[in-house]
Amino acid sequence: MTYLFCNWKMYLTNNEAMALASELATMQIPKTLTAAVFPNTMDFIGVRDALAETSFAVGSQNVAWVPQGAYTGATSAHLFHEAGAAYALVGHSERRHVFGETDEDARKKVEACMDVGIVPVLCIGETKEDLDAGKREYRLKKQLRAALEGLDIPVNSLMIAYEPVWAISAGGASDSCDPDVAQEVHMWLKQELRAYSPAPFSVLYGGSVTPENVVSFTACPAIDGVLVGSASTHTNQMRALLTACA
Ligand code: 13P
């Protein structure tokens with residue numbers, strides 16, 4: 001099974017998100033593919049309804065760990081679960097580096113998702129500074145340990161996305177990770193993840209994935225799928241991604 005997960009970030013207006021969801025509802029998802037879209041919270045319910053008769057799952061881009069209460073501006077895993085989220089991104093690099101979320105926050109969010117039955121997609125990745133300082137493995141180990149140590153992780157209840165921060169586009173062109181390097185990192189990550197559960201985890205690659213390069217990642221044996229940002233917000237690129245992943 002290959003995963004095509006689509007993080008729409010805050011790229012789209014409500015009208016644009018709804019138009020894209022209506023287009024997606026007409027597209028064929030290959031049988032070997034699990035596809036999910038992660039719309040902005042504003043658009044979650046509308047997109048969920050537009051995709052209700054399709055095989056696209058819907059996920060949240062972030063969650064708050066407390067279930068309900070006096071938490072201005074927050075939307076909890078509990079509320080997203082009630083609204084039909086199957087997955088949630090946790091610890092995305094933009095949450096960590098723009099909004100200052102910590103490894104400890106990521107852990108609370110992972111736990112909150114697992115408590116309600118949403119599959120958290122724990123996003124990890126080194127910065128350019130980490131990479132230049134030879135600290136990729138150090139950073140990834142630290143992020144994994146802080147989020148997962150001591151957790152009871154049933155089979156298929158958690159996924160990992162390896163998204164090198166330096167490879168993530170800000171809407172324009174950016175350098176993706178060399179697929180051979182990504183394959184090596186994924187192999188190493190799968191070895192590391194054995195410390196947290198004997199059952200294998202699905203590990204996705206994210207960072208400047210496009211219809212043109214997606215197969216170079218999905219063809220790697222240790223890469224279970226992709227988490228696509230910018231390219232997944234364009235109808236023609238979504239159609240091409242689905243075709244390429246077939
Ligand atoms: P891009 O595909 O735009 O580089 O974004 C990757 C990402 O951050 C997905 O979560």
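Owing to the predicted nature of the structure, the values given are computational and were not obtained by experimental measurement. Per chain, the residues get numbers from 1 upward, laid out in the order the sequence is written. Predicted model: local features are reported for residues with pLDDT of at least 70 only, side-chain atom pairs are reported and counted for 80 or more only, and whole-chain, interface and lining totals are derived from all residues. Note that water and hydrogens are dropped before the side-chain values are worked out from all heavy atoms of the structure.

**Q** Help me get a handle on the nonpolar core, residues and values and all.
**A** In terms of nonpolar packing, the biggest core is built from 64 residues, with Trp 8, Leu 122 and Leu 148 touching the most fellow members. Contacts are assigned to residue pairs that have any heavy atoms within 4.5 Å of one another. If sequence neighbours within four positions are ignored, Trp 8 has contacts with Ala 17, Leu 20, Ala 21, Leu 24, Val 37, Phe 38, Pro 39, Val 47, Gln 61, Ser 232 and Thr 233. The term nonpolar core refers to a set of buried residues drawn from Ala, Val, Leu, Ile, Met, Phe, Trp, Tyr and Cys, joined through side-chain atoms within 4.5 Å. Only protein chains enter the accessibility calculation, which uses a 1.4 Å probe; a residue is then buried when its area is under 20% of its type maximum, exposed when over 50%, and partly exposed in between. Counting residues in each nonpolar core, the second largest holds 14 residues, with Phe 5, Met 159, Ala 161 and Leu 204 among its members.

**Q** Hey, could you go over helix H10 (residues 235-244) for me, with residue numbers and the actual values?
**A** The helix count covers DSSP runs of H or I at least four residues long, the strand count covers runs of E at least two residues long, and both are numbered beginning at the N terminus. Regarding H10, the residues found buried are Met 238, Leu 241 and Leu 242. One face of H10 carries all of its buried residues, which in axial projection span an arc of 95 degrees. Within H10, the exposed residues directed more than 90 degrees away from the buried face are Asn 236 and Thr 243. Against the buried residues of H10 lie strand S1 (2-7), helix H1 (14-24), strand S2 (33-38), helix H9 (214-218) and strand S8 (225-228). Directions from the helix axis toward the C-beta atoms define the arc.

**Q** How would you explain the sheet that holds S8 if you had to name every residue and give the values?
**A** Through backbone hydrogen bonds, the strands of a sheet pair up, either in parallel or in antiparallel fashion. Two strands pair if DSSP finds at least two bridges between them. One closed barrel accounts for 8 strands, arranged S1-S2-S3-S4-S5-S6-S7-S8; its pairing is parallel. Sheet twist, expressed as the average angle between the axes of neighbouring strands with direction ignored, equals 25 degrees. Helix H7 (residues 136-148) contacts strand S5 (119-124) and strand S6 (159-162) of the sheet and is inclined by roughly 150 degrees relative to S5. Strand contacts of helix H8 (residues 179-193): S5, S6 and strand S7 (202-206), with the helix running at about 145 degrees to S7, the strand carrying the most contacts. Helix axes are fitted only over the stretch in contact, all axes being lines through C-alpha atoms; the angle between N-to-C directions runs from 0 to 180 degrees.

**Q** An account of the side chain of His 186 is needed here, citing residue identities and associated values.
**A** Positionally, His 186 belongs in helix H8. Judged by relative accessible area, His 186 falls into the buried class, the value being 0%. We call two N or O atoms a polar contact when they sit within 3.5 Å, provided that within protein one can donate a hydrogen and the other can accept it, with sequence-adjacent residues counted only if both atoms are side-chain atoms. A distance of 3.4 Å separates a polar atom in the side chain of His 186 from the backbone oxygen of Ala 222. Other than its neighbours up to four places away in sequence, His 186 contacts Tyr 162, Val 203, Leu 204, Tyr 205, Ala 222 and Ile 223.

**Q** Provide a residue-level description of the pattern of salt bridges, including the pertinent values.
**A** Within this document, salt bridges are pairs made up of a side-chain nitrogen of Lys or Arg and a carboxyl oxygen of Asp or Glu, the two lying within 4 Å of each other. Taken as a whole and assessed by the stated rule, the structure comprises 13 salt bridges. Among the salt bridges present, the one from Glu 94 reaches Lys 9, with a minimum N-O distance of 2.8 Å. With Glu 94 in helix H4 (residues 93-97) and Lys 9 in the loop between S1 and H1, this residue pair connects regions lying 85 residues apart in the sequence. The partly exposed category is assigned to Glu 94, whose relative accessible area is 24%. With a shortest N-O distance of 2.8 Å, Lys 109 and Glu 101 are connected by a salt bridge. Accessibility classification places Lys 109 together with Glu 101 in one group, the buried group. Shared partners join several salt bridges into a network, and the residues in it are Arg 95, Glu 101 and Lys 109.

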